[in-house]
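Now for the letters of each chain:
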Amino acid sequence: MILITGATGFIGRTLVRQLSSIGYPLRTLIRPSPRTPRLPKGVPVEVAVVSLADVRGLRAALRDVDTVIHLASAENQGSRGDLLKADIQGTENLVGAASDAGVDRILYLSHIGAAPSSAYPAFRAKGIAEEHIRNGKVPYTVLRTSMVYGAEDHFTNNLARIIRTSIGVFPITNGRRTVVQPLWVEDLVTCMVWSLENNDTLNKVYELGGTEFFTLQQIVEIIMDVTHRRRLLVPLSPLTLRGLTVFLEGVIPNFPISSFWLDYFAVNRTCAIDSLPRIFGLMPARFSYRLDYLIRRPWYQQAWSMITERISSLRSR
């Protein structure tokens, strides 16, 4: 039995689908919320409605669990997120409950650049969470990633959304100085599944990234090419762009860019270019080859797809 936290997120949904297709029994940890959880449709999973702050509830959710995959984080909530409560204290509670429940392994998804002393909140929270895991009694595997992208991500989709809605210009910063190695979500999930099936990964930390290095400016230019929308790139100082982002987060509901998101491009997030082939025997997908999901179909094609999906679901009943 595998317990997954953060299963309703972008990476979690992909992971749940792949683990289910292999045949693993799954249990997802869902925090209490009035909204229906966005679990993948048609995938058999158990659901435990428990907050990471509820230690007693965590112990109950971990009954008969062999492996914990910890993906939950408050980063995507932007200024509304509480990294201390969700990422740091939540991880500490989970590690303690997993130890009490006799869990065999914790697989934790972190960031390249994570460190308790980092000046950036997201990286600092991940670094402290890693310390809780390494200092715990449960064997662990930590996967640190560069920027992860895919059809449901908050990275390329939000950039494409801003490019589409912007009028003529697109603000950018640090694009000429810092680089990342975009990693396709399916490649990441494959590495996670491989890690679960290989005991050689116990009590180790791996850094994962694609085989290409890109600045933020290059990524924006690639997305503009894919979506066939050109904008004039306007450079802003990091301080100016951060201040603008914090202001817009406060006045625009569901603003697609957060101050945490800007941290991802504040420092280089790179690793050995052969990390996936060397460690996992996997050649990562090229960034520009996996961005078809950003191309918006005409409204009539979208409507036809919705109709055919509806008819298929009615027939299956």
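Right above here is the structure, for reference.
Everything numeric here is computed off the predicted structure, so don't read it as measured data. (Residues numbered from 1 in each chain as written. Predicted model: local features only at pLDDT ≥ 70, side-chain atom pairs only at ≥ 80, totals over all residues. Heavy atoms only, no water.)

S.K.: Where do I start with the overall build of the protein in this structure?
M.R.: When helices and strands are tallied, the protein shows eleven helices and 13 strands. Against the 2.2 N^0.38 benchmark of 20 Å for 317 residues, the protein shows a C-alpha radius of gyration of 20 Å, consistent with a compact globule. The principal-axis extent of the C-alpha atoms belonging to the protein is close to 55 × 55 × 40 Å. Among the 317 residues that make up the protein, the fraction classed as buried is 50%. In the protein, 76% of the contacts between residues at least 6 apart in sequence involve partners at least 24 apart. For the protein, the computed accessible surface area is about 15,800 Å², with 53% contributed by carbon and sulfur atoms. Each charge sign in the protein was given a centre, from 36 positive and 27 negative side chains, and these centres are 7 Å apart. (Helix = DSSP H or I, 4+ residues; strand = E, 2+ residues; numbered from the N terminus. Rg over C-alpha atoms; globule rule 2.2 N^0.38 Å. Buried < 20%, exposed > 50% of the residue type's maximum accessible area, 1.4 Å probe, protein only. Contact = heavy atoms within 4.5 Å. Areas by Shrake-Rupley, 256 points an atom, 1.4 Å probe, with all protein chains shown as cover. Lys, Arg positive; Asp, Glu negative; His and termini not counted. Charge placed at Lys NZ, Arg CZ, Asp CG, Glu CD.)

S.K.: Help me understand unusual backbone geometry, please; the structure alone is not making it clear to me.
M.R.: It is generally the case that most residues other than glycine have a negative phi and that most peptide bonds are trans. A positive phi angle, near 70 degrees, is found at Asp-64, a position not held by glycine. By the secondary structure assignment, Asp-64 is in the loop between helix H2 (55-61) and strand E4 (67-70). Of note in this structure, Asn-203 is not a glycine but carries a positive phi near 60 degrees. By the element assignment, Asn-203 lies in the loop between helix H6 (185-196) and strand E11 (204-208).

S.K.: Where do I start with the sheet that holds strand E1 (residues 2-5) in this structure?
M.R.: Two orientations exist for strands paired in a sheet by backbone hydrogen bonds: parallel and antiparallel. The strand order E3-E2-E1-E4-E5-E6-E11 describes an open sheet built from seven strands, whose pairing is parallel. Two strands lie at the open edges of the sheet, namely strand E3 (46-49) and E11, each paired on one side alone. Strand-to-strand twist across the sheet, computed as the mean angle between neighbouring axes with direction ignored, equals 20 degrees. Across four bridges, the pairing between strand E2 (residues 26-30) and E3 is parallel. Each bridged residue has a counterpart across the sheet, and for Ile-30 the counterpart in E3 is Val-49. (Pairing = 2+ DSSP bridges. Axes fitted to C-alpha atoms, helices over the stretch in contact; angles between N-to-C directions.)

S.K.: What is the right way to look at the nonpolar core in this model?
M.R.: For soluble globular proteins, nonpolar side chains are generally found buried alongside one another. By size, the foremost hydrophobic cluster in this structure holds 62 residues, and its most contacted members are Ile-4 and Ile-69. Among the nonpolar cores identified, the runner-up in size contains 24 residues, and Leu-58, Val-68, Ala-129 and Ile-133 belong to it. (Core = buried A, V, L, I, M, F, W, Y, C linked by side-chain atoms within 4.5 Å.)

S.K.: Looking at this model, I keep getting lost on the packing of aromatic side chains. Mind explaining?
M.R.: The relation between two aromatic rings is expressed through the spacing of the ring centres and the mutual angle of the planes. Overall, the coordinates contain six aromatic pairs when judged by the stated rule. Where Phe-123 meets Tyr-264, the ring centres are 6.4 Å apart and the plane angle is 35 degrees; that geometry is what we call tilted. Of this pair, Phe-123 sits in helix H4 (residues 121-135) while Tyr-264 sits in the loop between helix H9 (259-263) and helix H10 (275-280); the two residues are 141 residues apart in sequence, bridging distant segments of the chain. Just as Phe-123 is buried, Tyr-264 falls in that class too. Between the aromatic rings of Phe-214 and Phe-287, the centroid separation amounts to 5.5 Å while the plane-to-plane angle is 50 degrees, which identifies the pairing as tilted. One end of the pair, Phe-214, is in strand E12 (residues 214-215); the other, Phe-287, is in the loop between H10 and helix H11 (299-316), and 73 residues separate them in sequence. Per residue, the accessibility class of Phe-214 equals that of Phe-287, and both read buried. A connected cluster of aromatic rings, assembled from ring pairs, spans Tyr-120, Phe-123 and Tyr-264. (Phe/Tyr/Trp six-rings, centres within 6.5 Å; stacked < 30°, edge-to-face > 60°.)

S.K.: Whenever I open this one, the environment of Glu-152 confuses me. Can you help?
M.R.: Tracing the chain through its elements places Glu-152 in the loop between strand E7 (148-149) and helix H5 (156-165). Excluding anything up to four places from it in sequence, Glu-152 contacts Phe-10, Arg-13, Arg-17 and Asn-157. At a separation of 3.0 Å, a polar atom in the side chain of Glu-152 contacts the side chain of Arg-13. (Polar contact = N/O pair within 3.5 Å; in protein donor to acceptor, adjacent residues only side chain to side chain.)

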